[in-house]
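Structural features, examined
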Amino acid sequence: MYTVRWVPVLFLTALITVFQTAINVYGTLATGWGDSGTVLSVLLTILIAQKWMGKDIHGMNLIQTGASGGASVGFIIACMASMQVAGRSELPLSYVYAMMAATCFIGCCVAIPLRRSMVTNSTLPYPDAVITSELLRTATSDDPARVKRASIVMATAGLWSLLLTFLTKVKIGTGVLIHSIYAPKVGVYAAKKVGVATLGGELGFAWSPEPLFVGIGFVVSFRTGVSLLVGGLLSLFFFKPLGLTAGLDLKDSAELHKWFGIAMMLGISLVEPIIGLIVKKGGESATKRIEEKRSPWAVASWILLFLALVTVAVKVFGVQHKIPWHNVLVAIAVMWALTFVAVRATGAANINPVRAAAMTTIVVMMAFLPADLRKDPQVLLAIGLLAGAGATMAGDMMVDYKCGKIIGTNPLHQTYMQFFSVAIGALVAPLMFWVITHTFELGKAALPAPGAQVWAGMAELLAGGKQFSTLHWTVTGIAAIVGVIFTLLERKEGLQRFIPSAMGMGIAMLLPFEMASAIFVGAAIKKVLSRVAPVWDKEHGYNAGIGIFAGGALAGVVVAFLIAGSMLLLKYNVLEFPLWELGE
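Because the structure is predicted, anything quoted here is derived from the model rather than measured.

So, how was this worked out
Residues numbered from 1 in each chain as written. Predicted model: local features only at pLDDT ≥ 70, side-chain atom pairs only at ≥ 80, totals over all residues. Heavy atoms only, no water. Helix = DSSP H or I, 4+ residues; strand = E, 2+ residues; numbered from the N terminus. Buried < 20%, exposed > 50% of the residue type's maximum accessible area, 1.4 Å probe, protein only. Salt bridge = Lys/Arg side-chain N within 4 Å of Asp/Glu carboxyl O. Disulfide = S-S within 2.5 Å. Core = buried A, V, L, I, M, F, W, Y, C linked by side-chain atoms within 4.5 Å. Contact = heavy atoms within 4.5 Å. Expected span 1.5 Å × (residues − 1). Polar contact = N/O pair within 3.5 Å; in protein donor to acceptor, adjacent residues only side chain to side chain.

Brief notes about unusual backbone geometry
Leaving glycine out, the prevailing phi sign among residues is negative, and the prevailing peptide bond configuration is trans. Phi at Tyr126 is positive, roughly 50°, even though this residue is not glycine. Here Tyr126 shows up in the loop between helix 5 (115-120) and helix 6 (127-139). Backbone geometry places Lys322, a non-glycine residue, at a positive phi of 60°. The residue Lys322 is located in the loop between helix 12 (296-321) and helix 13 (325-349) in this model. The class for Lys322 is exposed, based on a relative accessible area of 63%.

Section: the pattern of salt bridges
Taken as a whole, this structure holds two salt bridges when the rule is applied. One salt bridge in this structure joins Arg5 and Asp56, with 3.8 Å as the shortest N-O distance. Here Asp56 lies in the loop between helix 2 (38-53) and helix 3 (57-87) and Arg5 lies in the segment before helix 1 (6-31), a separation of 51 residues in the sequence. For Asp56, a relative accessible area of 16% puts it in the buried group. Notably, a salt bridge pairs Asp537 with Lys526, separated by 3.1 Å at the nearest N-O pair. Placement of the pair is Asp537 in helix 22 (residues 534-564) and Lys526 in helix 21 (residues 513-532), with a sequence separation of eleven residues. A single burial state applies to Asp537 and to Lys526, both of which are buried.

Looking at the state of the cysteines
In total, this model carries zero disulfides according to the counting rule given. No disulfide involves Cys109; its sulfur sits 8.4 Å from the nearest other cysteine sulfur, which is in Cys108. Since its relative accessible area comes to 0%, Cys109 is described here as buried.

Comments concerning the nonpolar core
As a rule of thumb, nonpolar side chains are buried together in soluble globular proteins. Membership of the largest hydrophobic core comes to 157 residues, with the highest contact counts inside it found for Met80, Met100, Ile106, Tyr126, Ile332, Met398 and Ile507. Sort the elements by how many residues they give to this core and helix 16 (residues 377-407) lands first, with 18 residues. Discounting chain neighbours no more than four positions away, the residues touching Ile106 are Phe306, Leu309, Val310, Ala313, Ile332, Met335 and Leu386.

Brief notes about the environment of Val4
With respect to the helices, strands and loops of the structure, Val4 is situated in the segment before helix 1. In this structure the C-alpha to C-alpha distance between Val4 and Gly59, which are 55 residues apart in sequence, comes to 6.2 Å. Apart from the residues within four sequence positions on either side, Val4 is in contact with Val9, Leu62 and His413.

So, helix 16
Taking 1.5 Å as the rise per residue, helix 16 with 31 residues should run 45 Å; its terminal C-alpha atoms sit 44 Å apart, in good agreement. Here helix 16 lies mainly inside the structure; 29 of its 31 residues are buried. The N-capping residue of helix 16, defined by a side-chain oxygen 3.0 Å from the backbone nitrogen of Gln378, is Asp376. Looking one or two places after helix 16, you find Gly408, whose phi comes out positive at around 105°.

Here it is as structure tokens:
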């Protein structure tokens, strides 16, 4: 047991939360980059809070938990900005506050019941949680020799990662520089067959040694790394040519694999709780689980809070967008299901498919909304904001819960800190958004908001009546079945190591190939180290990965501000579909 010094914990949490929320709001609007900030929050906690907290690892964990939760609110602002882009008019500050309150808190509330299945009784690695817990342990260790050794390894790896991130992500000068390797013959042939010009980076691929993702590879299992590579290769060499040969245009062909990945992960996540009760895994009965005592007071409090937040959401969406109450309830139900998918992806490979969850919710809700609302991009984006907030907040909370499980922090204390920091973030983020968008014109050179442009573009496309092809629906149905089959095979004793992770493959199909393959590279390096230098790997392997990851994350924050200040430019266009805008 431990004693929480609540006064310094709350004060330091508030301080770091305000700082990180401001960073994420500005960074996301300026460059399209955003991060829930788990690693940055622990680095700031060590830098700022350790002077007051000393060796209190649980107190520092609570500060980090709160800071990363509040920072997640800053990331959600990208979808809010897309509503302003789509509406071509300024969003009132009162509206921004109402929407953030209605979505962020309900996202936190939805996440709480997932902890027991996704953290307490789960073997998901949650790379961010492993990295955060190791950083906290190192910072609060009573063994100076251990601290020195770990610091040297992490600093060396982090410096290499920091420099390499600058070299691979940015350039000095003006304009957009696209580095691509053209597709292999199958892709070129498919493009020529249907008379579509081949564009590098769409039918081909770009690869760079992305340090942050290489660092993730050190923490995930080698099987997950291989599964990510397999999924990336299928996306690149099978689904894109398949779409072109079936007569889809270039853009739809480049998106086909994403729908396969989403459907596969959704199938896994919906069926897994059911088969987990009846299928043995690793020779141990699935019913042998850690049972936690839940007081009637806690359960009743959660139910009342959830009902209150649902009532607020129904009121806000009804007043602001005239969405019927029963449609809001359906959207919350869909968001909850997709939140489970987002959490599984976050736990498996540290990738939270927020945009995929939001867009899937929008597509599903198109079948339920009245005809006039289906044609309003702002209505669709409001629904996407609900799903995006659920995925973002739940993913961050599960990472924090996992870190707390490793360290031994009380999850109830972490829940208190999450709501405390989200309240601060929900106060700071809208104000920061209002100030920035009144200082710079949204969507122009000073504040391009590329992420918001992508969200708005997709919503406008759907509102304009975009129809999915028969191939899309066929691929989606097959993906769900494949996900269920792979999930069953993974639980068959003796087969798991020979079966790729369906979740890993699904995640890879939502990522650019260079990211998925970089995770594989990190996992492969870790595997080689465990074979050729097992002693060194046992003591320093994770520290090296942590340094690589932290260096890449820190460089990303620095780069975002340098880009925003026009001192550097992205080497790659951050838009999801940039090349159609570049002409022939």
